[in-house]
Amino acid sequence: MPAAMHVSDAAPKKSARRAKRAPSKDLHLTTQQKRLILNSFVRLEPALDLVAQLFFLKLFRLDPGLRKKFDGPVEMQAKKFSAGAKLAMISLGHEDGLAPTLKLLGTRHRQMGIRARHYRTMSRALVWTLERSLDKSFDRDTREAWNTMLSQFTKLMAG
């Protein structure tokens, strides 16, 4: 695994009282969940642009109204998605995390008319894409790890 994709064993500390009052400021995944996500991503990476195109094709089938919210051809959107996915995977191993970037992206998406329900559709499309792309290596634990991460992405991006 590339050094930039190393998963830190340090889990963020947070008191129970603070957890109830304030929303999470970053992703909270176990070391095992991070490992499963990263390992599955490494399998996808050689064909990431094609996987991203498949994701967008599925997304636009699930919600055709989303197509008009994304400017440009699917191939261009796929390249942006691929770059964002790589950044997300690299950020999983860093303490400062991905939350600030996700919040900024969420702000941009809100300006485009993307809402929380759209993120849920995106998550469904991505999980479907991962199932097709990873086949048997997308097992129950890996699916659960991705769903946990995507749920947290949705909370951060939807604001």
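Each remark here, short or long, concerns the structure printed above.
Attention in this report is confined to the structure presented alongside it. (Residues numbered from 1 in each chain as written. Predicted model: local features only at pLDDT ≥ 70, side-chain atom pairs only at ≥ 80, totals over all residues. Heavy atoms only, no water.)

## Regarding the environment of arginine 124
With respect to the secondary-structure elements, arginine 124 resides in helix α6 (residues 116–134). Residues arginine 124 and lysine 58, spaced 66 residues apart in sequence, show a C-alpha to C-alpha distance of 9.1 Å. (Helix = DSSP H or I, 4+ residues; strand = E, 2+ residues; numbered from the N terminus.)

## Concerning a positive patch on the surface
Taken together, the side chains of Arg110, Arg115, Arg117 and Arg120 make up a positively charged region of the molecular surface. Among the structural elements, arginine 120 can be located in helix α6. (Patch = residues over 30% accessible without salt bridge, like charges linked within 9 Å, V, L, I, M, F, W, Y side chains within 5 Å. Areas by Shrake-Rupley, 256 points an atom, 1.4 Å probe, with all protein chains shown as cover. Salt bridge = Lys/Arg side-chain N within 4 Å of Asp/Glu carboxyl O. Lys, Arg positive; Asp, Glu negative; His and termini not counted. Charge placed at Lys NZ, Arg CZ, Asp CG, Glu CD.)

## Remarks on the pattern of salt bridges
Overall, the coordinates contain 4 salt bridges when judged by the stated rule. Between glutamate 131 and arginine 143 there is a salt bridge, with the nearest N and O atoms lying 2.2 Å from each other. Pair noted here: glutamate 131 is in helix α6 and arginine 143 is in helix α7 (residues 140–158), with a separation of 12 residues, a long-range link. Of the charged contacts, one joins aspartate 141 and arginine 140 as a salt bridge, the two residues approaching to 3.8 Å between their closest N and O atoms.

## A closer look at the layout of surface pockets
Computed from the structure, the largest pocket encloses a volume of approximately 810 Å³. In this structure, the largest pocket is lined by 34 residues; those nearest its centre are Phe81, Gly84, Leu105, His109 and Met157. Sorting the residues of the lining of the largest pocket by element identifies α2 (31–44), α3 (48–62), α4 (74–91), α5 (99–111), α6 and α7 as the ones contributing at least two each. No other element matches α4, which puts 8 residues into the lining of the largest pocket. Among the residues forming the lining of the largest pocket, the class breakdown is 25 nonpolar, 6 polar and 3 charged. (1 Å grid on protein atoms, 1.4 Å probe; cavity = no way out; pocket = protein on both sides within 12 Å on 5 of 7 lines; lining within 4 Å. Points joined across faces, edges and corners; volume = space filled by probe spheres on them. Nonpolar A, V, L, I, M, F, W, Y, C, P; charged D, E, K, R; others polar.)

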